[in-house]
Amino acid sequence: MFDFLKKKDNTISMPIKGMCLDISECKDKTFSDKLMGDGFMVKPEGDVICSPCDGELTMIFPTKHAFGLKMSNGTEVLVHIGIDTVNLNGQYFEILTSVNKKVKKGTPIIKCDMDKIKESGYDSSVLVIVTGKQDVEKKHLNDMMNVGDIIIEG
């Protein structure tokens, strides 16, 4: 009844358990040079990629290796699973929800077989990018973090 009084959560968190690193450490220059925006990278432990924020799931790439979200404040977030995994054409990826759905932080979005991705010669790093922003303040870099742990304050 009083939803308008609730404070919106504009934080961005870990989408999967793992080591949180700065995006500048990514092997792919498109990400490390922040051409799509700033963010962070996770060396994952696990197979389920969750929403890093509250918002609307606006798209899932046909190859299932990436998805986009739009937060209530208009911020757009891209989650990219692996480096060059677009070449797998969806193999080893399973979509767990649908586009245009409102999701909460921690909602499972995509399940993937990280072992098979690595066995196929791909880097399994998960990237979380705030699109269009060149500098965002991040915390807990170089730390082992869990799903839902806040990395970027809103």
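In the block above lies the structure referred to throughout.
One structure accompanies this document, and this report is about it. (Residues numbered from 1 in each chain as written. Predicted model: local features only at pLDDT ≥ 70, side-chain atom pairs only at ≥ 80, totals over all residues. Heavy atoms only, no water.)

Here's the deal with the overall build of the protein
Okay, so step 1: Helix and strand counts for the protein stand at two helices and 13 strands.
Okay, so step 2: For 154 residues, the compact-globule estimate of 2.2 N^0.38 gives 15 Å, and the C-alpha radius of gyration of the protein, at 15 Å, lies within 12% of that figure.
Okay, so step 3: Looking at the protein as a whole, 47% of its 154 residues qualify as buried.
Okay, so step 4: Separation between the mean location of the 20 positive side-chain charges and that of the 23 negative ones in the protein comes to 5 Å. (Helix = DSSP H or I, 4+ residues; strand = E, 2+ residues; numbered from the N terminus. Rg over C-alpha atoms; globule rule 2.2 N^0.38 Å. Buried < 20%, exposed > 50% of the residue type's maximum accessible area, 1.4 Å probe, protein only. Lys, Arg positive; Asp, Glu negative; His and termini not counted. Charge placed at Lys NZ, Arg CZ, Asp CG, Glu CD.)

Description of the sheet that holds strand β10 (residues 108-112)
Okay, so step 1: With antiparallel pairing, the three strands of this open sheet are ordered in space as β4-β10-β8. Of all strands in the sheet, those with a lone pairing partner are β4 (48-50) and β8 (93-95), marking the two edges. Strand-to-strand twist of the sheet, defined as the mean angle between neighbouring strand axes without regard to direction, takes the value 25°.
Okay, so step 2: Judged from the three bridges that link them, β4 and β10 form a sheet pairing that is antiparallel. Each bridged residue has a counterpart across the sheet, and for Val48 the counterpart in β10 is Lys111. (Pairing = 2+ DSSP bridges. Axes fitted to C-alpha atoms, helices over the stretch in contact; angles between N-to-C directions.)

Some words on unusual backbone geometry
Okay, so step 1: The phi dihedral of Lys34 is positive, around 60°, even though this residue is not glycine.
Okay, so step 2: Tracing the backbone shows Lys34 in the loop between α1 (29-32) and β3 (37-44).
Okay, so step 3: Phi is positive for Asn100, which is not a glycine, with a value near 70°.
Okay, so step 4: By the secondary structure assignment, Asn100 is in the loop between β8 and β9 (102-103).

Some details on the pairing of β3
The side chains of a regular strand alternate between both faces of the sheet.
Okay, so step 1: Counting buried positions along β3 gives seven out of eight residues, so the element sits mostly inside the fold.
Okay, so step 2: Strand direction decides the pairing type here: strand β2 (residues 18-22) and β3, joined by five bridges, are antiparallel. Of the residues in β3, the one forming a bridge with Asp22 is Phe40.
Okay, so step 3: Across six bridges, the pairing between β3 and strand β11 (residues 123-131) is antiparallel. Residue Met41 lies in a different strand from β11, and its bridge partner there is Leu127.

As for the pairing of strand β5 (residues 55-60)
Okay, so step 1: As paired strands, β5 and β9 are joined by two bridges and run antiparallel to one another. Opposite Gly55, over in β9, you have Val103 as the bridge partner.
Okay, so step 2: One ladder, built from four bridges, connects β5 with strand β6 (residues 66-70); its direction is antiparallel. Counterpart to Met59 in the pairing with β6 is Gly68.
Okay, so step 3: What sits between β5 and β6 in their antiparallel hairpin is a turn of five residues, with Lys64 showing a positive phi close to 65°.

Some points on the pattern of salt bridges
Okay, so step 1: Applying the stated criterion to the full structure yields ten salt bridges.
Okay, so step 2: The salt bridge involving Asp123 is made with Lys43; its shortest N-O contact spans 3.6 Å. Placement of Asp123 in strand β11 and of Lys43 in strand β3 is noted, with a sequence separation of 80 residues between them.
Okay, so step 3: Relative accessible area serves as the criterion here: at 16%, Asp123 is assigned to the buried category.
Okay, so step 4: Overall, the relative accessible area of 33% leaves Lys43 in the partly exposed class.
Okay, so step 5: Bridged by salt links that share partners, the residues Asp22, Lys34, Asp38, Asp135 and Lys138 form one connected network. (Salt bridge = Lys/Arg side-chain N within 4 Å of Asp/Glu carboxyl O.)

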